[in-house]
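# Working through the structure, step by step
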Amino acid sequence: MHSKINLGQLTSILNWLFISFPLSFIAGNLLINLNLLLVVIFGSIFLIKKKVKVNYDSLILIFFFFCIGLIISSIFNQINISKAFLYLRFLIFYFVCFNLIKEKVFDLDKIFYFYAIVAAIVCLDLIFQHFMGYNMIGLKIHKFGTIQKEVATSFFQHEKVAGSFIQNFGFYLAFIIFYKFNKNNFYSIILKSFLISLISISIFISFQRMPMIIWIFFLTLYGIIYY
């Protein structure tokens, strides 16, 4: 495989893998981990094939020592040793992606736009499910907690994580909103207000407190910097 795939094909594969991350999050942990693994494998092949001199930054070192600390702590306490070792996959993933970005492998414009589109779809689907009782593909609203409160979960069904998903990928939608509609005319202001409200409302009705706090903090800070 190493010798048959050229750099152009590897670049295309890596871009598709990176673009599909939001869909992996919707599909579940198995596909997320598979996606991470494939990015690491194909990314490593690219770096080796191109003979890139790999670099690292202080964040990689901090994360490395953090993982080592978790592993040592787990060994002494004899609990979650395997789970502590699994943190290393994120370190390796970050290390590979850090060097791939330096090589300008990823088409960041396409990635940002796709992430923004997926975030917008989940926002609309969540609001639709909240009011209708089922989402765009017919998945019914679920009940959570001892009082069996109905909470919209969109495509995530039994997992109450839609707010966290929108908070994470909504950052890309917010960036596109302020980047693309940067004029101060009436049309631009209305569209920006609508899209920001769409994200905020969808996180609010997910009934996840922390994503809402993080989103408000991000929006405030980003707005101050932007204006």
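What comes next is a walk through the structure. Quick caveat: nothing in here was measured; it's all calculated off a predicted structure.

### What to know about the overall build of the chain
Along its length, the chain carries ten helices and two strands. Secondary structure elements of the chain, listed N to C terminal, follow the sequence α-α-α-α-α-α-α-β-β-α-α-α. Here the chain, with 227 residues, has 38% of them falling under the buried criterion. At a minimum sequence separation of 6, the contacts of the chain that also span at least 24 residues come to 66%. Carbon together with sulfur atoms contributes 70% to the accessible area of the chain, which is approximately 13900 Å² in total.

### Comments concerning the nonpolar core
Generally speaking, soluble globular proteins have nonpolar side chains that are buried together. Ranked by size, the top nonpolar core spans 55 residues in total, and within it Leu-14, Phe-18, Phe-93, Leu-100, Ile-166, Ile-199 and Trp-215 carry the most contacts. Elements supplying a minimum of two residues to this core: helix H1 (7-19), helix H3 (29-49), helix H6 (88-102), helix H7 (108-132), helix H8 (162-180), helix H9 (186-204) and helix H10 (209-226). In terms of residue count, the dominant contributor to this core is H7 (ten residues). Apart from residues no more than four positions distant in its own chain, Ile-166 is found in contact with Val-122, Cys-123, Leu-126, Phe-171, Ile-199, Ser-202 and Ile-203.

### Re H3
Taking 1.5 Å per residue as the helical rise, H3 with its 21 residues ought to reach 30 Å, and the 30 Å between its terminal C-alpha atoms agrees with that figure. Turning to H3, its buried residues number three or more, namely Ile-32, Asn-35, Leu-36, Val-39, Val-40, Phe-42, Gly-43, Ile-45, Phe-46 and Leu-47. Those residues of H3 that are buried are in contact with H1, helix H2 (21-27) and H6. One or two positions beyond H3, positive phi appears at Lys-51, with a value near 55 degrees.

### Some details on the packing of aromatic side chains
Counting across every chain of the model gives 17 aromatic pairs. Relative to Tyr-134, the ring of Phe-128 lies with its centre 5.9 Å away and its plane at 75 degrees, an arrangement referred to as edge-to-face. Using a relative accessible area of 31% as the deciding quantity, one classes Phe-128 as partly exposed. Look at Tyr-134 and you get partly exposed, because its relative accessible area is 37%. When the centroid spacing of 5.5 Å and the interplanar angle of 35 degrees are considered together, the rings of Trp-215 and Phe-218 count as tilted.

### Structural notes on the packing of H7 against H8
Close contact between H7 and H8 brings their axes to 8 Å; oriented N to C, the two are set at 125 degrees. By the angle between their directions, the pair H7 and H8 is classed as oblique. Between H7 and H8 the crossing geometry is left-handed. Mapping the contact onto sequence places Phe-112, Tyr-113, Tyr-115, Ala-116, Val-118, Ala-119, Ala-120, Val-122, Cys-123 and Leu-126 in H7 and Ala-162, Phe-165, Ile-166, Phe-169, Gly-170, Tyr-172, Leu-173, Phe-175, Ile-176 and Lys-180 in H8. In terms of residue class, the contact of H7 with H8 is built from 18 nonpolar, one polar and one charged.

### Digging into the side chain of Ser-206
Inspection of the secondary structure puts Ser-206 in the loop between H9 and H10. What makes Ser-206 buried here is its relative accessible area of 1%. Leave out the neighbours within four places in its chain, and Ser-206 touches Leu-126, Val-151, Ala-152, Lys-160 and Gly-163.

### Considering the pattern of salt bridges
If you walk through the whole model with that rule in mind, you get two salt bridges. The partner of Glu-103 in a salt bridge is Lys-50, and the shortest N-O contact between them spans 3.1 Å. Of this pair, Glu-103 sits in the loop between H6 and H7 while Lys-50 is found in the loop between H3 and helix H4 (58-77), placing the two residues 53 residues apart along the sequence. A salt bridge links Asp-107 to Lys-110, with the shortest nitrogen-to-oxygen separation between them at 4.0 Å.

The rules we used
- Residues numbered from 1 in each chain as written.
- Predicted model: local features only at pLDDT ≥ 70, side-chain atom pairs only at ≥ 80, totals over all residues.
- Heavy atoms only, no water.
- Helix = DSSP H or I, 4+ residues; strand = E, 2+ residues; numbered from the N terminus.
- Buried < 20%, exposed > 50% of the residue type's maximum accessible area, 1.4 Å probe, protein only.
- Contact = heavy atoms within 4.5 Å.
- Areas by Shrake-Rupley, 256 points an atom, 1.4 Å probe, with all protein chains shown as cover.
- Core = buried A, V, L, I, M, F, W, Y, C linked by side-chain atoms within 4.5 Å.
- Expected span 1.5 Å × (residues − 1).
- Phe/Tyr/Trp six-rings, centres within 6.5 Å; stacked < 30°, edge-to-face > 60°.
- Axes fitted to C-alpha atoms, helices over the stretch in contact; angles between N-to-C directions.
- Parallel < 35°, antiparallel > 145°, perpendicular 65-115°, else oblique.
- Left-handed = near helix turned anticlockwise from the far one by under 90°.
- Nonpolar A, V, L, I, M, F, W, Y, C, P; charged D, E, K, R; others polar.
- Salt bridge = Lys/Arg side-chain N within 4 Å of Asp/Glu carboxyl O.

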